Amino acid sequence: MFICLFVYLVCSLSALQSGQHVLPRDQITLTSPVPNPGKVICVGMNYKDHCLEQNAPIPEEPIFFSKFGNTIAGPEDDIIHPENSDKVDWEVEMVVVIGKQGKDIKEEAAFDYVAGYTVADDVSARDWQMKRNGGQWLLGKTFDTFCPLGPAIVTKDEIPDPHALGLRCRVNGKTVQDSSTEQLVFKVPTLVAWISRIVTLCPGDVILTGTPPGVGVFRKPPVFLKRGDVVECEIDGIGTIRNKLV
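Just so it is clear, the structure is predicted and the values come from calculations on it, not from any experiment. (Residues numbered from 1 in each chain as written. Predicted model: local features only at pLDDT ≥ 70, side-chain atom pairs only at ≥ 80, totals over all residues. Heavy atoms only, no water.)

Chemist: Describe the pattern of salt bridges, and please don't skip the residues or the numbers.
Modeler: Scanning the entire structure with this criterion turns up 16 salt bridges. The salt bridge involving Arg-126 is made with Asp-89; its shortest N-O contact spans 2.8 Å. Highlighted residues: Arg-126 in helix H3 (residues 126-131) and Asp-89 in strand S4 (residues 88-89), separated in sequence by 37 residues. Each member of the pair, Arg-126 as well as Asp-89, carries the same accessibility label: buried. (Salt bridge = Lys/Arg side-chain N within 4 Å of Asp/Glu carboxyl O. Helix = DSSP H or I, 4+ residues; strand = E, 2+ residues; numbered from the N terminus. Buried < 20%, exposed > 50% of the residue type's maximum accessible area, 1.4 Å probe, protein only.)

Okay, structure coming up:
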């Protein structure tokens, strides 16, 4: 153990002294900061202003659904536009990354189980979400690459209040969503506590906390993504992901 640590320190010192420990940004491709989450848990109808844009009542309890692991993509990866959908939509979301295992977590202790936060685009095929599969959301949410994450996990100590962050989405440079996490109906502690009553939360699990208004399906007329479009999702203090539809 001591020998391994010594070798590591020598190699690290050598890299520092050589000046080759820093690479230009254009030589780096970022991958998802959570490459293989055990659970991808999502929350629907969790922004007050998003409920208002649909003329929908504000939920009295959280609405949960899920995505599969095949949806995970990096902050610069392409999003695959499915051949069998023509209603692909965007959703900028703040993501809670779980850092410690827990079950039946109390709200007042919830932040003890949070490692940090990242950005997601909860890409959605609205035809499959709303019109097919008996109205269940799963299939419309879980096509390959439908959950880009990144650009990094910002630890919770760097985000003193996750409920006061501006977030926005741009499509081809045009702002289509612009709101704040202060609009969340159910805050992070409530979500963590609720979920942990049902399943054990584990390190690396991610919780997509919902999206604000401005999604394509509720525009008049509706607007959907097409191949070649570029979607940018940005949250203050966390960063921006940028993904092209192919």
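Chemist: Describe unusual backbone geometry, naming the residues involved and giving the relevant values.
Modeler: Look at the link from Gly-150 to Pro-151: it is a cis peptide, with omega at -5 degrees. Structurally, Pro-151 is set in strand S8 (residues 147-155). Here the bond from Lys-220 into Pro-221 is cis, since omega is -5 degrees, no more than 30 degrees from zero. Within the secondary structure layout, Pro-221 lies in the loop between strand S11 (206-208) and strand S12 (230-235). Non-glycine residue Met-45 carries a positive phi angle of around 55 degrees. You can see Met-45 is positioned in the loop between strand S1 (40-44) and helix H2 (48-53). What makes Met-45 buried here is its relative accessible area of 16%. The backbone of Thr-145 sits at a positive phi, close to 70 degrees, despite the residue not being glycine. Mapping Thr-145 onto the fold places it in the loop between helix H4 (138-141) and S8. Residue classification places Thr-145 among the buried residues on the basis of a relative accessible area of 13%.

Chemist: Requested: an account of the side chain of Glu-93, with residues and values cited.
Modeler: Relative to the elements of secondary structure, Glu-93 occurs in strand S5 (residues 92-98). The side chain of Glu-93 is buried and forms no salt bridge, while Lys-141, the nearest opposite charge, is found at 5.4 Å. A polar contact of 2.8 Å, which involves the side chain of Glu-93, links it to the backbone nitrogen of Gly-210. Excluding residues within four positions of it along the chain, Glu-93 makes contact with Thr-118, Val-119, Ala-120, Asp-122, Leu-208, Thr-209, Gly-210, Thr-211 and Ile-235. (Lys, Arg positive; Asp, Glu negative; His and termini not counted. Polar contact = N/O pair within 3.5 Å; in protein donor to acceptor, adjacent residues only side chain to side chain. Contact = heavy atoms within 4.5 Å.)

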